[in-house]
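# A structural walkthrough
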Amino acid sequence: MTDKIKFLGTAGARIVVAKQLRSSAGTWITIDGKNLLLDPGPGTLVRCAKSRPPLDPTKLDAIMLSHQHIDHANDVNIMIEAMTNGGFSKKGALFAPLSALEDDPIVLKYVRDYVDEIHVLKEGSTYTLGSIEISTPLRHIHPVETYGIMLESSKQTISFIVDSRFFPDLIAKYKKSNLIVINLVRYDGKGGKKLDVDHLNLEDVKNIIKGIRPKRAILTHFGMTMVRSKPWEIAAEIEKEIGIKTTAATDGMEFDLANM
Ligand SMILES: [Zn+2]
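Keep in mind it's a predicted model, so treat the numbers as computed, not measured.

In this structure, D3 sits in the segment before β1 (4-7). The exposure class assigned to D3 is buried, which follows from its relative accessible area of 11%. A distance of 3.3 Å separates a polar atom in the side chain of D3 from the backbone nitrogen of D32. A polar contact of 3.1 Å, which involves the side chain of D3, links it to the side chain of K155. Not counting chain neighbours up to four residues away, the residues in contact with D3 comprise T30, I31, D32, K155, Q156, F255, D256, L257 and A258.

I5, I29, L36, I134, L151, F160 and L179 are the most contacted members of the largest nonpolar core, which totals 29 residues. Setting aside chain neighbours within four positions, we find L151 in contact with I29, I31, L36, I132, E133, I134, Q156, T157, I158 and F160.

Here we come to the pairing of strand β5 (residues 93-97). Within β5, 5 of the 5 residues are buried, leaving the element largely enclosed by the surrounding structure. Covered by surrounding structure in β5 are A93, F95 and P97 together with L94 and A96, the residues of both alternating faces. Judged from the 3 bridges that link them, strand β4 (residues 62-64) and β5 form a sheet pairing that is parallel. For I63, the partnering residue across the bridge sits in β5 and is L94. One ladder, built from 5 bridges, connects β5 with strand β6 (residues 117-121); its direction is parallel. Following the sheet pairing, F95 is matched in β6 by H119.

Right, let's talk about the pattern of salt bridges for a bit. All told, the structure shown has 9 salt bridges when counted by the stated rule. With its nearest N and O atoms 3.1 Å apart, the salt bridge here joins D3 to K155. Taken as a pair, D3 in the segment before β1 and K155 in the loop between β9 (149-152) and β10 (157-161) lie far apart in primary sequence, 152 residues in all. A salt bridge links D32 to K155; its shortest N-O distance comes to 3.6 Å. Of this pair, D32 sits in the loop between β2 (27-31) and β3 (34-38) while K155 sits in the loop between β9 and β10; the two residues are 123 residues apart in sequence, bridging distant segments of the chain. Salt bridges linked by common partners bring D3, D32 and K155 together as one network.

Between helix α8 (residues 202-212) and helix α10 (residues 231-242), whose axes approach to 11 Å, the crossing angle comes to 40°. Relative to α10, the element α8 lies oblique. Between α8 and α10 lies a crossing of right-handed hand. Here α8 contributes L202, V205, K206, I209 and K210 to the contact with α10, which in turn contributes I234, E237, I238, E241 and I242. Residues that form the contact of α8 with α10 fall into these classes: 6 nonpolar, no polar and 4 charged.

For a metal with four donors in a tetrahedral arrangement, the ideal angle between donors is 109.5 degrees, while six donors in an octahedron ideally sit at 90 or 180 degrees. The protein atoms donating to the zinc ion are H67 (NE2), H69 (ND1), H142 (NE2) and D163 (OD), with metal-donor distances spanning 2.2 to 2.7 Å. For the zinc ion, all donor residues lie on one chain, and their spacing in sequence is H-x1-H-x72-H-x20-D. Of the residues examined, H67 reaches a relative accessible area of 0% and is grouped as buried.

Conventions we followed
- Residues numbered from 1 in each chain as written.
- Predicted model: local features only at pLDDT ≥ 70, side-chain atom pairs only at ≥ 80, totals over all residues.
- Heavy atoms only, no water.
- Helix = DSSP H or I, 4+ residues; strand = E, 2+ residues; numbered from the N terminus.
- Buried < 20%, exposed > 50% of the residue type's maximum accessible area, 1.4 Å probe, protein only.
- Polar contact = N/O pair within 3.5 Å; in protein donor to acceptor, adjacent residues only side chain to side chain.
- Contact = heavy atoms within 4.5 Å.
- Core = buried A, V, L, I, M, F, W, Y, C linked by side-chain atoms within 4.5 Å.
- Pairing = 2+ DSSP bridges.
- Salt bridge = Lys/Arg side-chain N within 4 Å of Asp/Glu carboxyl O.
- Axes fitted to C-alpha atoms, helices over the stretch in contact; angles between N-to-C directions.
- Parallel < 35°, antiparallel > 145°, perpendicular 65-115°, else oblique.
- Left-handed = near helix turned anticlockwise from the far one by under 90°.
- Nonpolar A, V, L, I, M, F, W, Y, C, P; charged D, E, K, R; others polar.
- Donors = N, O, S within 2.8 Å, 3.2 Å for Na, K, Ca; no water.

Next comes the structure, spelled out in structure tokens:
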């Protein structure tokens, strides 16, 4: 298995998801012989089946939720069921914040028995999956308990900087990343109105990329203002301005991790 990230969906926030202007399916990550699924939003199971070649959920080793918002977690139950062959083959791990399991539980109780392990995410924790280190260095500022995910393999450190309000620790805590995948929800550029929301906008993302200076940045999870602003043009603008290779993810895009 080659190490890669497949973006089954790139939609962020309510309207783009509700109208399915972009797919809201999750992100399938293959590294060091393991398959992980991050944030299985609405449509993930369908997109796995319709992917070319199809992605087989029974090959998953772990499902991770950064938080319980529906655009990140809607398909978690069906994906657990699919991963475990309808619950008949107990296997795999689920990683989720406590809030997704207790406060506003999006993971149904009966499917929890299908997985081998449930890891409750906490700030500053590290978990292992084969040779991969999975860590949650930082609780993000978002209306519900949310963690960014850092994956360290034998070859690279990849950070998924998920939904958050901007704060300087987003740079400090993900500093060692070679690759960052960042949820750029809002545009707010060129005189756009800066709303007081718990999501990153273009200016925040530029500051994070400038601060971390990874080998590459991939933008995803686009809200309406970003979809309208042509994410590929925004990526080109960032690359020109900061000098870091930047790619705007598209639905179904497969990123080969050997091509950093
Ligand atoms: Zn959210």
